[in-house]
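# Structural description and commentary
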Amino acid sequence: MSEQEKVVVGKLGASYGIRGWLKVFSYTENAENIFSYTPWFIKVRGEWQEFSLEDWKRHGQGYVGKLKSLDQREDAQALTNAEIAINAEVLPSLSDEEFYWRELYGMEVVTTKGYNLGKVTDILETGSNDVLVIQANPKDAFGQKERLIPFLDGQVIKLIDRSAQRIEVDWDPGF
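Thresholds, definitions, all that
Residues numbered from 1 in each chain as written. Predicted model: local features only at pLDDT ≥ 70, side-chain atom pairs only at ≥ 80, totals over all residues. Heavy atoms only, no water. UniProt positions renumbered as here; feature names shortened; annotations may be inferred. Pairing = 2+ DSSP bridges. Helix = DSSP H or I, 4+ residues; strand = E, 2+ residues; numbered from the N terminus. Axes fitted to C-alpha atoms, helices over the stretch in contact; angles between N-to-C directions. Phe/Tyr/Trp six-rings, centres within 6.5 Å; stacked < 30°, edge-to-face > 60°. Buried < 20%, exposed > 50% of the residue type's maximum accessible area, 1.4 Å probe, protein only. Lys NZ or Arg CZ within 6 Å of the ring centre and 35° of its normal.

An unreviewed UniProt entry annotates the protein chain as Ribosome maturation factor RimM of Grimontia sedimenti. Regarding the protein chain, the relevant UniProt record gives this comment under Sequence similarities (unreviewed entry): "Belongs to the RimM family." The Subcellular location (unreviewed entry) field of the UniProt record for the protein chain holds the comment "Cytoplasm".

Take a look at the structure:
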């Protein structure tokens, strides 16, 4: 298996039935999209292993899936709580104005006045809007270690430049 960038898109839950089915928890925006990505990579003993999905179906409020060559309940149980990843290259291409959250990690965040706030280390999902978690520079003039900046496109987020790995924000560095 090549070492292409992996993107975690879900997780396997408990086994279901006696024929190797597992509950599937999707992290994709539309939960059923997880079943359109192939192949799946599942971390087994610390290593990504490639699996093909044989079948899937809705079950109650969630989903269950059957991996090819996994026919015994005991084999399925060994994968409980394992992450499901895909190769990043199988994700749909986006326009220049769109991006995946994973692309923002590590980007430098700078105010419209040129003050370097630090780098994106996390993105928090809240009820109203997502929030960028910024690890401040060690020599931050305002003594900040971390900043939380709401992801409000156009209002706070002014520009995202993929090639420069930079996000420009309208934000008070003292806040």
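### With respect to the sheet that holds strand β10 (residues 131-135)
One open sheet accounts for six strands, arranged β11-β10-β9-β8-β13-β12; its pairing is mixed. Unpaired on one side and paired on the other, β11 (146-150) and β12 (157-161) mark the two borders of the sheet. Adjacent strand axes in the sheet meet at a mean angle of 35°, parallel and antiparallel pairs treated alike. Bridge count for strand β8 (residues 108-111) against strand β13 (residues 166-169) is four bridges, and the pairing is parallel. Its bridge partner being in β13, Glu108 is matched across the sheet by Arg166.

### So, the sheet that holds strand β2 (residues 21-26)
If you trace the seven strands from one edge of the open sheet to the other, you get β4-β3-β7-β1-β2-β6-β5, paired in antiparallel fashion. Strand pairing shows two members of the sheet lacking a second neighbour, β4 (47-51) and β5 (53-59), which therefore form its edges. In this sheet, neighbouring strand axes are inclined to one another by 40° on average, regardless of whether the strands run parallel or antiparallel. Across five bridges, strand β1 (residues 6-16) lies against strand β7 (residues 83-87) in antiparallel orientation. Across the sheet, residue Gly10 finds its bridge partner in β7, namely Ile84.

### A word on unusual backbone geometry
Note the cis peptide between Thr38 and Pro39, where omega equals -10°. With a phi angle near 50°, Arg45 is a residue other than glycine that sits in the positive phi range. With respect to the helices, strands and loops of the structure, Arg45 is situated in the loop between β3 (40-44) and β4. The phi dihedral of Asn81 is positive, around 70°, even though this residue is not glycine.

### Brief notes about the pairing of β4
Where β3 meets β4, five bridges bridge the pair, whose relative direction is antiparallel. Looking at β4, one finds that Lys43 is bridged to Trp48. The hairpin formed by β3 and β4 contains two residues between the paired strands, and Arg45 there has a positive phi angle of roughly 50°.

### Focus: the packing of aromatic side chains
Per the counting criterion, the structure on display carries nine aromatic pairs. Between Phe35 and Trp40, the aromatic rings sit 6.1 Å apart at their centres with planes inclined by 35°, giving tilted as the arrangement. The two residues Phe35 and Trp40 agree in class, both being buried. Ring-pair connections join several aromatic residues into one group, and the members of that group are Phe35, Trp40, Trp56 and Tyr63. Above the ring of Phe41, the side-chain terminus of Lys6 is found at 4.2 Å from the ring centroid. It is Lys57 that lies over the ring of Trp21; its NZ or CZ is 4.9 Å from the centre.

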